[in-house]
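Reading the structure
Okay, here's what each chain looks like letter by letter:
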Amino acid sequence: MKETILSIQSPFAPPIELAQYTWKGPKPKNSVSIVSGIQGNQLNGIYLCSRLVRFLNSVESGKEPGYYLKGSIKIIPAVNSPAIFEGKALWSFHDLDMNLAFPGNEQGEVIERIADSVCRHTKDSQFGVIIKSADLNYNDAPHLFCLNPDGLAKDFARSLGAQNVREPKDSSTFKLSLHGHWIDEMITSVVLSAGKENHLDITLCEDILPGLINSLLWAGALGNDHKELIKYRVKFNKQNKETLISSHAGGFFLPKVTLGSEVKKGQKIGDIFDIHSNATLESVLANSSGYLVTLRNHPIIYQKEVIAVLLEKSKFRFWS
Amino acid sequence: MTTRKEGLLQIQKISCYKIPSGQRVEILKQFFPSSRKRPVKSVAFVSGLHGNELEGIYICYLLTKYLKELQKSQPEAFLGEIHIYPAVNPQATDNATRLWPFLSIDFNRQFGISEGNSPAINCAKELINNLKDSADIVVDFHASNLHLKETPQIRITEGFHKKLIPLAVHCNVNLIWVHPLSAMFKSTLGYNMNQSKVPTLVIETGIALRINQDFSNRILLGMLNLLYQVGVLATKKPPPTVSNPIIVHPSQVIPIHSKYAGLFIGHTDIKKNILKGEMIGEVVDAKNGKTLQEITATEDGFLFTMREHPLVYPGALLGRIAKNIIA
């Protein structure tokens, strides 16, 4: 069922609306909320939510053989609609990062009202997934963020299909994010990050979709008596096991590695060229081995900016 | 640290990064040394954390101009040191944007963050380290946002108020607002300096992208008075006379919000002694010539915040009244 959970009058254009899709089975306590579009130009999450909406509508109408609704599922696909329809990460009217606006304010400004509405409508969920793209100027191989995961959160992460889980930075600003708020509300939640801003990667989304459906099965929100649950192999990475590779020079950065690949110590990550003369200013080498989870996407780079993030290889044969 | 001298004034580079063309962006401070071997105290003034807030930059200009003259005529007046950081986010100021260009991040949310690597985080670290090394007292100038005009005021987080109010009363502001701590302040320069036991006053005055000369001149007098009161300056003339501020707590601050989307037309400016029921403005629907909401004062008091941006959505802040305080 689609419903408009918030409608805010605009001075001249149509109202700003927040749409929520819900499906309910006989066990509504098994509940999952999936949210995307907190930044207006992170399109993979919005598309993935739309694919899930189509799939779940098909399940509801009996067109997905074997699947049935068991618990409660909520999807809010396009949170920051003013920014989405402006085509920007942040809505320029306020220039405020929406992910610093949670838990919001029912009587506040537009962004605060939207944040409040998202929080109120997801507060009873057992599990939550926030889908995003990499931060501005970067590209992410699909991975999860999860703060201090307990056994339940680890199992939830294993159901989603991403190979890696990272720890978010638990800073004062993290508390103002939706993920931070959900953790405060004891909602077992993860952030799924994949791809880059202003770009829709259909292949990437289609690769991620089965994991999202599997997580709904695992959480008991969706049922399929003929399909076995998949417990994916996942590596839980500590922050101190991440290596940041930074530029010494500024200029054009042209990568020589593939996102989502294993990189060896000393391997060339890319070159930095002078933006006027094309002279090579720096060859950027990996200072350790690891999985390339994040890579610079925007070709112009400043001095001392992060170019790549590597997740160090586990010493153990089996992942946790 | 590179230092350049202009007479007795020293200009120091406290942080620097290269833009991709290879040119250097430098964050500079002006340093007025003490005439004494052992300076009494050291006071720092910071502005331009948000690039579109120009009021503080102008106040720093006025302050530098005054102090340069004083340095020429009465060098012995400088018993302590004065550090002025007039534009700490130079690229954002040149672009007239609140956020750090290219990265689109708020520079005043980068303090106290240990992880990450970007020009903004590096500059934040260098700025705060320089301030901690240089100053006993810091004043951080802000100029509201694009939407609201603020009377000259100092905002103080509860917990720091005992140390800060005795300093704030010298600053010639109209109002001191003591507010509770919120998570959003924890990564600001002001919060982190105060946490480090360096008293830091955050001044809000005027509105982004504009300079209100009256407000700036008032704050200039306040800053000079502060320098006198803490013993950094001692001239033959007495310190400037300043007005006493009102001290307000959250329960005394009444926000006024729009109920509708439309255009807000203000009928008054920031105003002391506004009376309950007095007209502040109206929200109109330009599509059909209707007045949607007449905005009147909900309390007697001091209308210390006034909306300037005409475009409003429901919930938009139109003003704030400090109630029951007749100044």
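Residues numbered from 1 in each chain as written. Chains lettered and ligands numbered in written order. Predicted model: local features only at pLDDT ≥ 70, side-chain atom pairs only at ≥ 80, totals over all residues. Heavy atoms only, no water.

1. Looking at the interface of chain A and chain B
In this assembly, 39 residues from chain A lie in contact with 37 residues from chain B. For the chain A and chain B pair, buried surface summed over both sides reaches about 3,300 Å², with 64% attributable to carbon and sulfur atoms. Contact with chain B buries area across many residues of chain A, yet A:Pro11, A:Phe93 and A:Tyr302 alone supply 22% of it, more than any other trio. Applying the counting rule to chain A against chain B returns zero salt bridges. Inspection of the region where chain A meets chain B yields seven residue pairs in polar contact (both at pLDDT 80 or more). Within the residue set of the side of chain A that touches chain B, elements represented by two or more residues are helix H3 (110–122), strand S12 (242–246) and strand S18 (300–301) of chain A. Here the residues of the side of chain A that touches chain B are counted per class, giving 16 nonpolar, 15 polar and eight charged. (Contact = heavy atoms within 4.5 Å. Buried area = accessible area lost by both parts, 1.4 Å probe. Salt bridge = Lys/Arg side-chain N within 4 Å of Asp/Glu carboxyl O. Polar contact = N/O pair within 3.5 Å; in protein donor to acceptor, adjacent residues only side chain to side chain. Helix = DSSP H or I, 4+ residues; strand = E, 2+ residues; numbered from the N terminus. Nonpolar A, V, L, I, M, F, W, Y, C, P; charged D, E, K, R; others polar.)

2. Quick notes on the sheet that holds strand S15 (residues 268–273) of chain A
Residue and element names in this part refer to chain A. What the four strands build is an open sheet, ordered S16-S15-S13-S18; its pairing is antiparallel. Whereas interior strands pair on both sides, the edge strands pair on one side only; in this sheet they are strand S16 (280–285) and S18. With five bridges joining them, S15 and S16 adopt antiparallel strand pairing. Bridge pairing in S16 links phenylalanine 273 to threonine 280. (Pairing = 2+ DSSP bridges.)

3. Focus: the confidence of the model for chain B
Looking at chain B, pLDDT values average 95 and 98% of them are 70 or higher. Of the two predicted TM-score estimates for the complex, the pTM is 0.93 and the ipTM is 0.89. (pLDDT = per-residue confidence, 0-100.)

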